[in-house]
Structure formats: structure tokens, C-alpha cells
Amino acid sequence: MMTQDPYQLTTNYKPLPGVYDELFDEEGQIRNKYKFLVKSFQELGPAELINRRRDADRILRENGVTYNLYQSDSPEAKERPWDLDLFPLIMESEEWRLLERGLNQRADLLDSLLRDVYTRRRLLTEKKIPPEILFNETSFLRACDGMFDSNHFLAKNPALLFFVCDLIRASDGKFYVLNDRVQAPSGSGYSLENRIVLSRIFPSMYRDAMVHRVAVYFRSLRKSLNQLSGVIGREPVVVLLTPGPSNETYFEHAYLSGYLGYTLVQGEDLTVRKNKVFMKTVEGLQQVDLILRRVDDVFMDPLELKGDSLLGVPGLLEAVRSGNVKIANPIGSSFLENRALLPFYSELCRFYLGEDLILPMAPSYWLGNAEHNHIVMNEPEKFVFKTVSRTDEEEPVTFLELSGERKDVFLEKLRHFPKRFIAQEMIPSATVPVLSENGFRPGRAIMRTFVTSSGSGYQTMAGGLVRVSPSLDEFFITSQRGAWSKDLWVLATETQKEETLLVPKSDQISISRKSSGVPSRIADNLFWLARYMERSENQTRVFREATYKVLQLEDGYEKDSVQNTLKLVTHITNSYPGFLGDDATELFQFPFQELQNLATNRNLVGSLAFNIKGLVHASKSVRDRLSEDMKKIMLNLEDNSHLQIHSYDQLIDFLHKIILNLSSLSGLSYENMSREAGWYFLDLGRRIERAINLILMLQGMIRWGSFQDKPSFETILSINDIRITYNRRYRGRVDQESVLDILLFDTSNPRSFAYQLDQINQNIKFLPGKEEKVTYAEDRASLQLYTHFKMKDISILFAKEDPMDYVFTWLEELHGHLRNLSDALSVRYFNYTEEQTRIGDN
């Protein structure tokens, strides 16, 4: 363990020979820029550093910061918690200014190149690159040709709004460019989250270090997006287009949409009508002015690009050509990620900008060029080989890791398809200090920087995302390979003022109490989030009651009552035959395994864990709509649903935790969410599901003849949390009529059927898109449900010759009306039907 001795943190830190080290200089001394930070960390002591590590992990976990890893054996991505090293990488202002100038120059170069590629193509006529690089590469989209000429707005404004650049520091201390990410670059949200976490756990250290603020970058980005939209006189409608929750950086998409104040959408949320892009909301179609995309080029328009794409919007390119919507970055920019361009950037910079590259490229060679091929194949072990296209499934590889048949196969590929590959000289990346239990240890790092356009050109974020390999032997440093992250602190020469995204006083804000529009998909997910939430809570209450009764049976509790409650478990989970099977005798004697399976098996349809999984999945689709407290509860629910249960005591503890989390979630959604369109769909889902659950429980107990004795009455009263009120009201007496009355007709009971109908009718009135004197399908369905219920009361039900059979049939009819209401809401608000045009009619 670490001690309190001066600089003990560095005792075990051994830089690699021949490699630039960020912490130690050539003489083995701590660099001046790090002395304050190392001293501050050392003064905290080992115990406190461990506490700060736990605090950081807790904040990241509570904020839901994840990076999804794609598994070769599974179509679904696996969430990985975000790993943040507490010790930041430091750069002084003078050193940073050189990088900043180089990155801004690179932005100008890429912007000029992008415009030229899709207009005059001077780089071909002047023979600056081989034609094969352009025309044989799928990243050049012929459908985008002439885009900048046909669109007047794009012709006079920067084409490239932002990009990211990956840098590596070589042994000489200089930075080299590894590659650029342009079409849907990620990392800025993670960088912001890293900064927020470190500033919270080291507030004094962060303040005293005088670190440049990263909020300036996001303020410039939002301002540039507003300008790019071309909207004057009102707030532009900007959406952030994401591939969805399975994408590796979905956390960042949801995080940035909330931070920048934009609506998070998926391709299915958008539609093109008359060459304009609209967002399909429950209020109706809302025209979109600008799309900030996190979807790659080829998936953006299945009509003109990749025909089987479900991530884009058919007709989007034509809307862009017409000037009715702007895209950041523009479709077609993926060509700038063509690795075959890397060897030619020095010449291209002189060609377009008339100056040398400030930031040199890592020496790169395109194997389609005979001279380049000869240089590389003379000493192939010096290079890392990559495919020209990022979409190619071929992994980067070095000859040092190839041998035997693998090497022969790869050599064959290079001989037959040289134009598919580039070779990049292997530059040993600089080492950086990583905080561990035994002090600092070295790790290899690359740095991702972020650039956005501003009113006077381009602006670089004064910070960045540093990725660190977990092993010094790892040459490829990527998040998919398990790299950790670091924050990059750029030190200022004077105290920094606080920067936020708040609108300056000079800009007038119009007061509004109207929602910005709820996409139909979001409303659908809110509706089902509430239904899963209510279904899970009801199941948990039934499970808890059953478990209590099983334990009480050992003390002589009524056997029939226990068996009836266990039957109810099978009924509400739809896990037949279960406790209702002909051979259930053994299950009744030893029910634990069945209860355990139905409570915790996430893959068993209908189980409690399965429904909690559905709840968590729905919440991830509306993550940008949930408060921080609700996200934390969702995280607790997900954690609790993975608990291992081996005893009744553990099962009861598990159920208690689930009920507390679900009750907290319900309370937050009811008390803290504004009454906008989304909330009414959430509450409708809750009320419909609660009414259905009550029907299912009553029907089940009536079906197997258990709704006739005191223990069964007490069971259903306890499950619905109304037993105390009932006992106080009836002073211990109990019968069918009074129990049904309090469960079905008593509007003072918030779990009664009547109460749910009252809330449903109120919510229906506030749904969007309604005109006066027009009756909609959901209005009719709600009225039919309400009328069918109100035509009965407890006296009418028990005036029948066989009241329980009559109640069972009546409940089934009410269940049908509830399904009709749910279907009516889905058809009108959740399922947008496109206008159909028959082709070929006269």
C-alpha cells in the first residue's frame, strides 16, 4: 500500500526506455507542470485516494456512464462501466497553443477537401491523389455529388461543423496525427463527464490548478448549430439522431442531447414529406431544421444509399438538396475518413491552404501505390496494416503478431488487394501515469481532441479524451479493447471564469410553457415504461405475500390459503402449469425453487426479473427524459434484479428492495415530472396496467374458487395495500361484497378500479392533437369502458343468482375494453402511418 512519504506515489513508476514519458523528464525528474498535482495527491494519502476512487465510480455509475462492447457471439452490445483514471494528463498553455493551431489548420484543410471532392474535384485534375482512392471507395457517395453547389446556404458556410483528431506523442516529444473522425465523431460527451467527475471529487485541486473550461467548446458548438440551421426569428428545431440504445456510445448521445437541449431521435421518429423533414410527435408532425447525427453516412437514407438501413430516413438526401434541412456533419463526409488519404495530406495542405502541415501525420503509405508498396514490403515488421475503409471488417494487424498460416493468408491479401490497405509506421505511444493501489504505474496513451466551427473559423476544445491501454504490451488503444480514460487538463496562465451554456443577457428568451414535442416512439416507451413498472410492482407484492404465507405455513397457517396464493403467483406471471398444474402437489411442498425461478430468471417470459428487464430497457430509450434521481433508481433496480437468491430470507429482502425502488420511481414520476404530453402517456400506462392487474387477480381467485374465505380476502387486500383501511372501516368483519366494493368501486382507494378509470378519463382530456367537437377513437374507447363499469354497482352484482360467475364475466368484458383503449392509443399516437401512393393508377 501507499505511504505518506514524499512522492511515494512515484516510487514504483518506471518509464520505458526510448519512449516519451508524460510524468518524468529525460533526467528522471517530475516535470514542473505535474509537481503541484503529484504533491496534492500524495498529501491526500492512500486511504483518502481510495475513498475518492469509490466516489468517482459511484458518480459514474449513478450517471449511467457506459460504453457498449460488441460481442462476437451475441447480436446485442454488452454495457461496460466507464473506466476513468483519477490522475489527469496535463498540458501547459504554450504547448497547447501549438496543438490548437495545428488542429484548426486541419479543420480548414478537411473542409476544403470535402467541398472539392463533391464539386470541382481539383485534387484529381491536379493529380494530387490517385483516382482509385476516390472512385473505388464506398465512402465517396455519388448521390452527394454537387450537394454544395445546389444548396446556396452550404455553398457560403463551413461544410465541416466539427471533427475529432486522434494524436500520439512520439519519443521526440512531438505530436503526430493518427486519424480523423468526421461523419459521426464520438468522445466529447465522455470528455465532459470526465471533467465533471474530477472537478467534483477534487474541487480544490481543480480550482487551484487553473484549468481551462471545456464548456466554451459546447457553447460554440451550439451557436454554430443554430447558425447552420439558417433559422431567423425563432428557435430552430434541432434533433440529435442516434442509432439507438444498442450503439456503443448511446450514453453520450443521450447525455449530449440533454446537455445541449436537443431532442434525441431515432430514424423511425423522422419522416420526409414534400422534401421536408418532420419529427413524428404525438402533437403532430413538427418540421426539423437541423439534424445533429450520430449515424454513419451510408445508413442515413435507405432510398439512395444503403437500401436495407433501418437507422436513416427515406428521402433525406433530397430534402438536403432542396435546402429544407441541414445535417451536421453533412452526408458524404465519411470520405474524409478514407485512410488512403493519409499519405497525401502534406501535399493536399500545400495545395488547398498554401502552407505546410503544422501537425505532421504518422508516416503512412497506401499499398495501391507501387512506390509506397515497395517501401513497406521491404520492412513490413515496422508497420501496422489497416484497411482503407473503416467499414471493412478486417482488424488492424502487425507482422509481429503474425506467424505461420495467418501470415501467409495475410500476405496473399496484400498481394491480390493492395488498394484495400495502408501501412502506418508503428510509433511507440508516450507513457502516462495511471493511479493504482501501489502508486503510479505507466500506461500507453493516445489523445482525442475536438474541434468545432465558430464565428471566426474553428475552435478547439481546451481539453480532450485520453485513452490509456491497460497493458504496456498493447499497441492498439481503443475503448472496444478495454482502454481506460483520462481527462486532459490544459493549464491557464490566469484564473478561469465559469463557463456555462446559459444564454447571455443580450439574447432575448421568449417565455414558453409548451412542450417542444414528444416523438411518438418516446410516448410509446413512456407508456410501456409505466406498464412494466406497475406490472413489476404488482408481481412483487404477490410474490411477497406468497413468501410470507409459505413461511407462516410452518407455524400452522391455513394450507388452502397458502396454496391459493401460490396459484396466484402462477396466474399473474402466466407461467402455467406451475402451481396450477395437475401434479403441483410436490411444488406446494417445496415451492422455493419455483418462486426463486419466477422472481429472478431474466430470460423467463412473464417472470418478475423479465418485466424489470423490460422496464429498464424502456427507460434506456427515454433516458434523456428522466431525472437524475429516476436514473439512479433504475440503476438500483437493474442491480437488484441480478441478485443471487438462495433462501427465503434473501427472497424477502430482494422483494422489499424491488418494492421500495418501484415505489420511489412511481413517486418521482408522479410528483416531479411536468404535466406535458409525455407525462399523460406515462400515467395512462400506469392506470391501464393497474386496472388490468386487479382484474387478473380477481378472476384468478374466482376461477379456482378461493374468493370466499377470510384468508383469501386478507391476501388480496394486503396485495393491494388496503387491508389497514378495510379493517378500520369494517372492524375486523369481512365478506365478499365489502371486499369487492373497496377494490372495485371505492374512489377513495387509489388502487381501486374506479379510481383508475377516473384518472384515465382525466388524462384522455389532456392528450395532444385534439380538436373541439371531434370524438376520437381513444375518447370512444374510454367512454365505453367508463359506461360499462358505471352501469354496475356492488348491489347489482350481488343481486344475481350466481354473483361470482357474473362478476368473472363482467371483469372479462372490462378487460376487453381496456385492451381496446390501449390499442386506440397505440394506433393514434404511437404508430405513425405514412401516406400511401399507388403506383401505376391512371
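All values reported here derive from a predicted model rather than from experimental measurement. (Residues numbered from 1 in each chain as written. Predicted model: local features only at pLDDT ≥ 70, side-chain atom pairs only at ≥ 80, totals over all residues. Heavy atoms only, no water.)

A. Looking closely at the overall build of the protein chain. From N to C terminus, the protein chain includes 29 helices and 21 strands. Burial status across the protein chain gives 57% buried among its 842 residues. Expressed as a percentage of contacts within the protein chain between residues at least 6 apart in sequence, the contacts between residues at least 24 apart total 71%. Element-wise, carbon and sulfur atoms account for 48% of the exposed surface of the protein chain, whose accessible area totals about 37600 Å². Taking the average location of the 102 positive side-chain charges in the protein chain and that of its 115 negative ones, the two points are 4 Å from each other. (Helix = DSSP H or I, 4+ residues; strand = E, 2+ residues; numbered from the N terminus. Buried < 20%, exposed > 50% of the residue type's maximum accessible area, 1.4 Å probe, protein only. Contact = heavy atoms within 4.5 Å. Areas by Shrake-Rupley, 256 points an atom, 1.4 Å probe, with all protein chains shown as cover. Lys, Arg positive; Asp, Glu negative; His and termini not counted. Charge placed at Lys NZ, Arg CZ, Asp CG, Glu CD.)

B. Examining the pairing of strand β19 (residues 457–460) more closely. The pairing of strand β18 (residues 439–454) with β19 spans four bridges and is antiparallel. The residue bridging Ser454 from the neighbouring strand is Gly457, located in β19. (Pairing = 2+ DSSP bridges.)

C. Representation of the pairing of strand β8 (residues 270–273). The two faces of β8 match: Leu270 and Val272 on one face and Thr271 and Arg273 on the other face are all buried. Relative to strand β9 (residues 276–281), β8 runs antiparallel, the two being bridged by four bridges. Across the sheet, residue Arg273 finds its bridge partner in β9, namely Lys276. Where β8 folds back onto β9 in an antiparallel hairpin, the turn is made up of two residues, including Lys274, whose phi is positive at roughly 55°.

D. Structural detail: the pattern of salt bridges. According to the stated counting rule, one finds 54 salt bridges in the structure shown. When the shortest N-O distance is used, the salt bridge between Glu48 and Arg52 registers 2.6 Å. One end of the pair, Glu48, and the other, Arg52, are both in helix α1 (residues 32–62), four residues apart, so they sit about a helical turn from each other. Residue class for Arg52 comes out buried when judged on its relative accessible area of 18%. Beyond isolated ion pairs, a larger network of salt bridges with shared partners links Glu534, Glu537, Arg541, Arg690 and Arg751. (Salt bridge = Lys/Arg side-chain N within 4 Å of Asp/Glu carboxyl O.)

E. Structural detail: the nonpolar core. Counting residues in hydrophobic clusters, the biggest one holds 139 residues, and the most contacted among them are Phe41, Ile291 and Tyr345. Among the elements that line this core, the one with the most residues is helix α2 (residues 93–117), at nine residues. Setting aside anything within four residues of it in sequence, one finds Phe41 in contact with Leu9, Leu49, Leu86, Phe87, Phe202, Met205 and Leu435. Ranked by size, the runner-up nonpolar core spans 98 residues in total, among them Ile612, Met673, Phe707 and Leu744. (Core = buried A, V, L, I, M, F, W, Y, C linked by side-chain atoms within 4.5 Å.)

F. Expanded view of the sheet that holds strand β16 (residues 421–425). Spatial ordering of the open sheet is given by β13-β16-β14-β15, a layout of four strands whose pairing is antiparallel. Either end of the sheet is taken by a strand with one partner, and the two such strands are β13 (364–366) and β15 (397–398). Judged from the three bridges that link them, β13 and β16 form a sheet pairing that is antiparallel. Bridge pairing in β16 links Ser364 to Gln424. Docked against the sheet, helix α13 (residues 370–378) engages β13, β14 (383–387) and β16, running at close to 125° with respect to β13. Against the sheet, helix α14 (residues 404–416) contacts β14, β15 and β16, and its axis sits at roughly 115° relative to β16. (Axes fitted to C-alpha atoms, helices over the stretch in contact; angles between N-to-C directions.)

G. Layout of the packing of aromatic side chains. Applying the stated criterion across every chain yields a total of 40 aromatic pairs. Look at Trp82 and Tyr190: their rings are 4.2 Å apart centre to centre, the planes differ by 25°, and that puts the pair in the stacked class. With Trp82 in the loop between β2 (77–81) and β3 (89–91) and Tyr190 in helix α7 (residues 188–201), this residue pair connects regions lying 108 residues apart in the sequence. Ring geometry for Phe789 against Trp810: centres 5.7 Å apart, planes inclined by 15°, an arrangement best described as stacked. Here Trp810 lies in helix α29 (residues 803–830) and Phe789 lies in helix α27 (residues 777–790), a separation of 21 residues in the sequence. Per residue, the accessibility class of Phe789 equals that of Trp810, and both read buried. (Phe/Tyr/Trp six-rings, centres within 6.5 Å; stacked < 30°, edge-to-face > 60°.)

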